[in-house]
Amino acid sequence: MVQTELSSRCQLIKPSPTLAMTAKAREMQAEGINVLSFAAGEPDFNTPEPIIEAAKKALDDGFTKYAPSRGLPLLVESIQRKTSGENGFDCEKNQIVVSCGAKHSIFNSLQVLLNEGDEVLLFAPFWMTYADQVVLAGGKPVIIPTTAETGYCPHPDQIRAAITPRTRAMICNTPSNPTGGAWDINLIKEVAEIAIRNNITIISDEIYEKLTYNHVHVSFSSLGKEVAERTITILGVSKTYSMTGWRIGFSISTPAIATAMANYQDQVTSNATTFAQVGAAAALDSDPALVSGMLQAFTERRELGLNLIRHIPGLSVTDPKGAFYFFINVANHLNGKLTTDIELANHLLEKAHIATIPGSVFHGPGHLRLSYATNPKTITEGLARLQTALADLT
Ligand SMILES: Cc1ncc(COP(=O)(O)O)c(C=O)c1O
């Protein structure tokens, strides 16, 4: 077999441990093993029927051709209505770029912002894609740690101390994957102030904006023109409307940044799938009851899971304020036979047949991330298995 030399750029990327864990769990399930999975970062609901119907109709209506790289006009208009009605800020059409998922919107943002060696502030624990995408854009991730004590929110002084002349951007993710932490308006205002003073771009990943529990989500760009001009707001339909496979996300930034992103995307994917964009527009314009029904289910699962986790000796967890993850501190169980969260996650998969994601993946060692976007039966049975497996370890 010919050995093809791969680019040094592609060797910067490590395979995703989340995908590896999910794949291993699927393999075991295919072998007939009853694996209960808490690994996936996606809702278990089907995409709501009205959205599916809109996309089917779009196919019949001929939405099967190339569309403008920035997005179909009808979706762009839905996004304008959405940001004014729900996020508290208006935007022009030339500020919007529709991409193949929020992940792609973040990728485009970093590609158009960074030069070699530019620094990007990340708040750990963070969604691991951020660091890889920063590196792929030639940048350097600068990691600011946060802890359960502050609900995984940074202190503004930590940010001030991390800024150097090379700091170009910071990625803020509220509500957060993996911790469920969410920033209140005071913190958002202070961080925005720091960004303005230091001329730093805020990449505000608000993909979980609507999945909150007793928390009011605030968009950075709603704080006024000065903040909005320094913010790239990342939004999408994947999590809110259970549309992960549709691959539609979007960004709102300045006209200059948006144009650079659209030009960049034009040479990579062109437009995001045309008929999927019609489905996304139907989602954004849909009856709010669609989302509130799913949010109600997440709220109940969250309560169920929190009660069960609190009864397992040696574990602690902060109440998630948003998204659909428990970020569980398992450090008390890592001082015997197993010493790392990675070993523990593998042990739990092999011996207890439960799939979890080790916190190290997110720069949060000593933790496990369990998604509660799964049915209540899996939550009850899976957490019982976790309790037994941890008891057997001690
Ligand atoms: C914090 C965060 N941002 C963005 C995404 C990606 O969203 P999309 O599926 O729209 O690319 C995810 C998905 O897991 C996420 O957790």
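Analysis parameters
Residues numbered from 1 in each chain as written. Predicted model: local features only at pLDDT ≥ 70, side-chain atom pairs only at ≥ 80, totals over all residues. Heavy atoms only, no water. Pairing = 2+ DSSP bridges. Helix = DSSP H or I, 4+ residues; strand = E, 2+ residues; numbered from the N terminus. Contact = heavy atoms within 4.5 Å. Axes fitted to C-alpha atoms, helices over the stretch in contact; angles between N-to-C directions. Parallel < 35°, antiparallel > 145°, perpendicular 65-115°, else oblique. Left-handed = near helix turned anticlockwise from the far one by under 90°. Nonpolar A, V, L, I, M, F, W, Y, C, P; charged D, E, K, R; others polar. 1 Å grid on protein atoms, 1.4 Å probe; cavity = no way out; pocket = protein on both sides within 12 Å on 5 of 7 lines; lining within 4 Å. Points joined across faces, edges and corners; volume = space filled by probe spheres on them. Expected span 1.5 Å × (residues − 1). Buried < 20%, exposed > 50% of the residue type's maximum accessible area, 1.4 Å probe, protein only. Arc of directions from axis to C-beta. Phe/Tyr/Trp six-rings, centres within 6.5 Å; stacked < 30°, edge-to-face > 60°. Salt bridge = Lys/Arg side-chain N within 4 Å of Asp/Glu carboxyl O. Near = heavy atom within 4 Å. Polar contact = N/O pair within 3.5 Å; in protein donor to acceptor, adjacent residues only side chain to side chain. Areas by Shrake-Rupley, 256 points an atom, 1.4 Å probe, with all protein chains shown as cover. Sits in = over half its atoms within 2 Å of the grid points.

### Some details on the sheet that holds strand β12 (residues 357-358)
Alright, step 1. One open sheet holds the 4 strands; their spatial order is β9-β10-β13-β12, and the pairing between them is antiparallel. Lying at the two open borders of the sheet, with one neighbouring strand each, are β9 (316-317) and β12.
Alright, step 2. Inspection of the sheet shows β12 paired to strand β13 (residues 367-371) by 2 bridges, in the antiparallel sense. Pairing of Pro-358 across the sheet is with Leu-368, part of β13.
Alright, step 3. Relative to β13, helix α12 (residues 341-352) is tilted by about 45°, and along the sheet it contacts β12 and β13.

### Notes on the packing of helix α1 (residues 17-30) against α12
Alright, step 1. With their axes 11 Å apart at the nearest point, α1 and α12 run at an angle of 15° to one another. In this view, α1 runs roughly parallel relative to α12, as classed from their interaxial angle. Crossing angle aside, the handedness with which α1 passes α12 is right-handed. On the side of α1, the interface is formed by Met-21, Lys-24, Ala-25 and Met-28, while α12 contributes Ala-345, Asn-346, Leu-349 and Glu-350.
Alright, step 2. Residues that form the contact of α1 with α12 fall into these classes: 5 nonpolar, 1 polar and 2 charged.

### So, empty space enclosed by the protein
Alright, step 1. Per the counting criterion, the structure on display carries 1 cavity of 30 Å³ or more.
Alright, step 2. Considered as a void within the structure, the largest cavity measures approximately 130 Å³ in volume.
Alright, step 3. Phe-123, Pro-125, Asn-173, Ser-176 and Trp-183 are the residues nearest the centre of the largest cavity, which is lined by 17 residues in total.
Alright, step 4. Mapped by element, the contributors of at least two residues to the lining of the largest cavity are β3 (119-124) and β5 (167-172).

### Observations regarding helix α13 (residues 376-393)
Because each turn of an α-helix spans 3.6 residues, side chains separated by three or four positions end up pointing in the same direction.
Alright, step 1. Compared with the 26 Å implied by 1.5 Å per residue over 18 residues, the 26 Å span of α13 between its first and last C-alpha is a close match.
Alright, step 2. Buried within α13 are the following residues: Thr-378, Ile-379, Gly-382, Leu-383, Arg-385, Leu-386, Ala-389, Leu-390 and Leu-393. Take α13 and look down its axis: the buried residues cluster within an arc of 160°, on one side only. Residues of α13 that are exposed and point over 90 degrees away from its buried face: Lys-377 and Asp-392.

### What to know about unusual backbone geometry
Of all residues except glycine, most have a negative phi; of all peptide bonds, most are trans.
Alright, step 1. Between Ala-124 and the following residue, Pro-125, the backbone shows a cis peptide bond with an omega angle of -5°.
Alright, step 2. Looking at where Pro-125 falls in the secondary structure, it is placed in the loop between β3 and α5 (129-136).
Alright, step 3. Cis geometry marks the peptide bond from Thr-174 to Pro-175, where omega comes out at -10°.
Alright, step 4. Structurally, Pro-175 is set in the loop between β5 and α7 (185-198).
Alright, step 5. Of note in this structure, His-363 is not a glycine but carries a positive phi near 65°.
Alright, step 6. Among the structural elements, His-363 can be located in the loop between β12 and β13.

### Overview of the packing of aromatic side chains
Alright, step 1. Taken as a whole and assessed by the stated rule, the structure comprises 12 aromatic pairs.
Alright, step 2. Seen from their ring centres, Phe-123 and Trp-183 are 5.4 Å apart, and the 80° between their planes marks the pair as edge-to-face. Of the two residues, Phe-123 sits in strand β3 while Trp-183 sits in the loop between β5 and α7, which places them 60 residues apart along the sequence. You'll find Phe-123 and Trp-183 in the same group, each marked buried.
Alright, step 3. With a centroid separation of 5.9 Å and an interplanar angle of 80°, the aromatic rings of Tyr-208 and Tyr-325 are classed as edge-to-face. Of this pair, Tyr-208 sits in the loop between β6 (201-205) and α8 (225-228) while Tyr-325 sits in strand β10 (residues 325-329), placing them 117 residues apart in sequence.
Alright, step 4. Among the residues examined, Tyr-208 registers a relative accessible area of 2% and is labelled buried.
Alright, step 5. On the accessibility criterion, Tyr-325 (0% relative accessible area) is buried.

### Comments concerning the pattern of salt bridges
Alright, step 1. Taken as a whole, this structure holds 18 salt bridges when the rule is applied.
Alright, step 2. Among the salt bridges present, the one from Glu-119 reaches Lys-140, with a minimum N-O distance of 3.8 Å. Here Glu-119, found in strand β3, pairs with Lys-140, found in strand β4 (residues 140-145); they are 21 residues apart in sequence, far enough to count as distant.
Alright, step 3. Linked by salt bridges that have partners in common, Lys-82, Glu-86, Glu-209 and Lys-210 make up one network.

### Observations regarding the sheet that holds β6
Alright, step 1. The strand order across the open sheet formed by 7 strands is β2-β8-β7-β6-β5-β3-β4, and the pairing between neighbours is mixed. For this open sheet the edge positions go to β2 (96-99) and β4, each flanked by a neighbour on one side alone. Between one strand axis and the next, the sheet turns by 20° as a mean value, whatever way the strands run.
Alright, step 2. The pairing of β5 with β6 spans 4 bridges and is classified as parallel. Looking across to β6, one finds that Ile-171 is bridged to Ile-203.
Alright, step 3. Each of β2, β7 (231-236) and β8 (249-252) is contacted by helix α3 (residues 73-87), which is oriented at about 115° to β2, the strand it contacts most.

### Observations regarding the environment of Asp-392
Alright, step 1. As for its placement among the helices and strands, Asp-392 is situated in helix α13.
Alright, step 2. With a relative accessible area of 61%, Asp-392 lands in the exposed category.
Alright, step 3. Sequence separation between Asp-392 and Ala-182 is 210 residues; the distance between their C-alpha atoms is 35 Å.

### Things to note about the site of the ligand
Alright, step 1. Taken together, the neighbourhood of the ligand is formed by 13 residues, with Asn-177, Asp-205, Ser-238, Lys-239 and Arg-247 sitting nearest.
Alright, step 2. Asp-205 places a side-chain nitrogen or oxygen 2.6 Å from a nitrogen atom of the ligand.
Alright, step 3. Between the ligand and Lys-239, the relevant distance is 2.7 Å, taken from an oxygen atom to a side-chain nitrogen or oxygen of the residue.
Alright, step 4. For the ligand, whose accessible area on its own is 400 Å², the fraction buried by protein is 93%.
Alright, step 5. Cavity membership is defined here by more than half of the atoms lying within 2 Å of grid points; on that basis the ligand lies in the largest pocket.
Alright, step 6. Here the residues of the shell around the ligand sort into 5 nonpolar, 4 polar and 4 charged.

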